[in-house]
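Topology and contacts: notes
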Amino acid sequence: MITMENVCKSYKVAKRDAGFRAACKALVHREYEAVHALNNVSFTVRDGEMVGYIGPNGAGKSSTIKILSGILTPDSGTCVIDGRVPWKNRTEHVRQIGVVFGQRSQLWWDIPVIDSFELIKEIYSISTPQYNNKLEELTQLLQLQEILKTPTRQLSLGQRMRCEVAASLLHEPRLLFLDEPTIGLDAVSKLAVRDFIKKLNEEHKTTVILTTHDMQDIEAIANRVILIGRGQILLDGTLDELRRAAVSDGNGNTDEPLDLDHVMACLYRNLNIL
Amino acid sequence: MGIIMRIWKSIILYLRYASICVRSAMQYKLSFLLMIIGRFIIAFNEFIAIKFLFSGFEEIKGYSYGDVLLCFSIVQMSFTLSELFGNGFKVFSGMIKRGDFDRILLRPCSPILQIIGNHFEIGRTGPMITAVITLVIGIRTCSVSWNAAAFFTLALMIAGGALLFIGLFMLGAGLCFFSIEDTSIINVLTYGAKSHGKYPIDVYGRGILRFCTYIIPYTLFQYYPLQYLLGRTTQWRLAFYPLGIVVFLALCYAVWRIGVHNYKSCGA
């Protein structure tokens, strides 16, 4: 169970004009601008839910994920996950969560994937029988047999992403964050990752929070969507509710059903959050 | 009991990390060899430089060739040890820029352990070979009468020096949290000290000696215990001066902690 209440977070960003003179001026005197990344964000997620967390670039998605995973301390507000405050007891908290960043790797580049997994086993102090069971399960579901002995740098992106997902689940977290997990993947790999996540949720009741710009990910995985824009939660409901909101607010006079990307574009424009 | 178990587990984990670094480096066989040989040659050059210098002089400020060689090898050994173990701090600014520190915070173990474990650098065995060779020559040619106390002092000096340099690397890494800009000013304090520290610090005069005592305490592992080791003073307490470096290390650690705290409240 995740409860986030009135969480605010702002950053100070150094600001200067373009050009060499401005750069020199900035050496001596620097002007800062406060950017409100999160502004009174509140939501709750029940155990076993699969939530799509969406919004345009710079809306505050990453900041939210960082706060939930204990990397970032908010300015104000409360956040409790299964009774833990993420940033207060980091080590205990991160033991219970898994995080996949689509844009970054957590595997060691030059060694076979299985060696990375073994190191992760040590890091999380996973017992050997538990590790063996989980590894077998993940190997089957994600079809890793062929690639476990390959060094990470020689894997294709799709293969690597399957390994990344497996790596973040070895310690059997109750909560999984997926940050753009299908970015750059081909159709087959995308489907494989999506199917796997659905199965994971069915079998282990793992709570999943997914951020993505790929609306088909959302359609396939999430049964609830939270839309964030300019640091505020703007909509929280099912995908159908989102569709209706898009149509009723703006170009409501169209009869054709919009495809998902158009729904989102429409919403972003109507809500003026781009 | 709990603490001992935790330390034991940390050591095991560190060795796991280190073994991965070694295996990764060995993936590139030729570069692995060249790295070790190259670093050996660079370090050996400095030894040659001292040898040449002393072909013109008998002594510098009362230090004989053997004395300087001993001093050189102690500093070399300390520095190499600190690079071997503390290399993670040296490459830390890159980790911050790439956002790798986020992943470190997502692991349920100490960030420092992960940073130094993940960048254990086996290539440093090259300079280590030089350091061992010069140490042996230094021990045999200097004016010290070697007994248990002398060897104890020597070990304390090397350990203290390694901790001091690790502290400086940690300080440099800690500063990365506050500024994404270049913190290479800290290199003056590490590489600079390594290359000038091959001579006992008093050859540079009083001002430098003071700086190296009260600002960055190099003299605690180099000049002062060396005086005792070479028998220039009978004050045996000088042999324990390297222990003072623990205080300096604690200060560097404090800066590091403040930096981590700052990172968590500001983001990257």
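Preceding this section is the structure that the text describes.
Charged atoms that come close allow side chains of opposite charge to pair. Scanning the model with the defined rule gives 24 salt bridges over all chains in all. One salt bridge connects arginine 23 of chain B with aspartate 115 of chain A, and the closest N-O pair in it is separated by 2.6 Å. A residue pair is termed interchain when its members come from two chains, as with arginine 23 of chain B in helix 1 (residues 2–27) and aspartate 115 of chain A in helix 4 (residues 113–123). In this structure, arginine 160 of chain A and glutamate 164 of chain A form a salt bridge, with 3.4 Å as the shortest nitrogen-oxygen distance. Residue arginine 160 of chain A and its partner glutamate 164 of chain A are located together in helix 6 (residues 157–167), separated by 4 residues, close to a single helical turn. An identical accessibility class is assigned to arginine 160 of chain A and glutamate 164 of chain A; each is buried.

With that out of the way, let us pick up the sheet that holds strand 3 (residues 50–54) of chain A. Residue and element names in this part refer to chain A. With mixed pairing, 6 strands are arranged side by side in an open sheet as 5-6-7-3-8-9. The sheet is open, and its two edges are formed by strand 5 (97–101) and strand 9 (232–237), each paired on a single side. Taken pair by pair, the neighbouring strands of this sheet meet at an average axis angle of 15°, ignoring direction. Where strand 3 meets strand 8 (residues 224–229), 4 bridges bridge the pair, whose relative direction is parallel. Paired with isoleucine 54 across the bridge in strand 8 is leucine 227. Together, strand 3, strand 8 and strand 9 form the strand contacts of helix 10 (residues 260–271), whose direction differs from that of strand 8 by roughly 40°.

Residue and element names in this part refer to chain A. When you line up the elements, lysine 61 lands in helix 2 (residues 61–68). It turns out lysine 61 is buried and unbridged, and the closest side chain with the opposite charge, glutamate 180, is 5.8 Å from it. A distance of 3.3 Å separates a polar side-chain atom of lysine 61 from the backbone oxygen of proline 56. Beyond its immediate stretch of four places on either side in the chain, lysine 61 contacts Tyr53, Ile54, Gly55, Pro56, Thr211, His213 and Ile228.

This brings us to the interface of chain B and chain A. Across the contact, 28 residues belong to chain B and 33 residues belong to chain A. Interface area for chain B against chain A, summed over the two sides, is near 2800 Å², with a carbon-plus-sulfur share of 52%. Linking chain B with chain A are 4 salt bridges, by the criterion used here. Between chain B and chain A we count 14 residue pairs in polar contact (both at pLDDT 80 or more) in total. Every element with two or more residues in the side of chain B that touches chain A is listed here: helix 1, helix 5 (100–105), helix 6 (111–118) and helix 12 (245–266) of chain B. In terms of residue count, helix 1 of chain B provides more of the side of chain B that touches chain A than any other element does, 9 residues in total. Residues that form the side of chain B that touches chain A fall into these classes: 13 nonpolar, 6 polar and 9 charged.

Grouped together as the largest cluster of nonpolar side chains are 102 residues, with contacts concentrated most on Leu68 of chain A together with Leu70, Phe89, Phe92, Phe101, Tyr218 and Trp256 of chain B. Per-element accounting of this core gives the leading share, 13 residues, to helix 8 (residues 148–176) of chain B. Listed in part, the 59 residues of the second largest apolar core include Ile197, Leu227, Met264 and Cys266 of chain A.

What follows deals with a nonpolar patch on the surface. On the surface, a nonpolar cluster with roughly 640 Å² of combined accessible area is contributed by Ile3, Met5, Ile7, Trp8, Ile11 and Leu15 of chain B. As for its placement among the helices and strands, isoleucine 7 of chain B is situated in helix 1.

Quick look at the sheet that holds strand 2 (residues 31–45) of chain A now. In a beta sheet, neighbouring strands pair by backbone hydrogen bonds and run either parallel or antiparallel. Residues and elements named next belong to chain A. Spatially, 3 strands are ordered 2-1-4 in an open sheet, and the strand pairing comes out antiparallel. Whereas interior strands pair on both sides, the edge strands pair on one side only; in this sheet they are strand 2 and strand 4 (76–81). Each neighbouring strand pair of the sheet contributes to a mean axis angle of 30°, computed without reference to strand direction. Across 11 bridges, strand 1 (residues 2–15) lies against strand 2 in antiparallel orientation. Counted as the bridge partner of isoleucine 2 is valine 45 from strand 2.

Here we come to the environment of proline 151 of chain A. Along the polypeptide, proline 151 of chain A turns up in the loop between helix 5 (128–141) and helix 6. Here proline 151 of chain A falls in the buried class, since its relative accessible area comes to 12%. With 87 residues separating them along the chain, proline 151 of chain A and threonine 64 of chain A place their C-alpha atoms 33 Å apart. Among all residues touching proline 151 of chain A, those that are not within four sequence positions of it are Trp109, Asp110, Ile111 and Pro112 of chain A together with Gln27 of chain B.

Here we come to unusual backbone geometry. The phi angle of most residues is negative, glycine excepted, and most peptide bonds adopt the trans form. Phi is positive for arginine 230 of chain A, which is not a glycine, with a value near 50°. Within the element layout of this structure, arginine 230 of chain A appears in the loop between strand 8 and strand 9. In this model, lysine 61 of chain B sits at a positive phi of 50°, which is unusual for a non-glycine residue. As for its placement among the helices and strands, lysine 61 of chain B is situated in the loop between strand 1 (59–60) and strand 2 (63–64). Given the relative accessible area of 53%, lysine 61 of chain B is considered exposed.

Procedures and definitions
- Residues numbered from 1 in each chain as written.
- Chains lettered and ligands numbered in written order.
- Predicted model: local features only at pLDDT ≥ 70, side-chain atom pairs only at ≥ 80, totals over all residues.
- Heavy atoms only, no water.
- Salt bridge = Lys/Arg side-chain N within 4 Å of Asp/Glu carboxyl O.
- Helix = DSSP H or I, 4+ residues; strand = E, 2+ residues; numbered from the N terminus.
- Buried < 20%, exposed > 50% of the residue type's maximum accessible area, 1.4 Å probe, protein only.
- Pairing = 2+ DSSP bridges.
- Axes fitted to C-alpha atoms, helices over the stretch in contact; angles between N-to-C directions.
- Contact = heavy atoms within 4.5 Å.
- Lys, Arg positive; Asp, Glu negative; His and termini not counted.
- Polar contact = N/O pair within 3.5 Å; in protein donor to acceptor, adjacent residues only side chain to side chain.
- Buried area = accessible area lost by both parts, 1.4 Å probe.
- Nonpolar A, V, L, I, M, F, W, Y, C, P; charged D, E, K, R; others polar.
- Core = buried A, V, L, I, M, F, W, Y, C linked by side-chain atoms within 4.5 Å.
- Patch = residues over 30% accessible without salt bridge, like charges linked within 9 Å, V, L, I, M, F, W, Y side chains within 5 Å.
- Areas by Shrake-Rupley, 256 points an atom, 1.4 Å probe, with all protein chains shown as cover.

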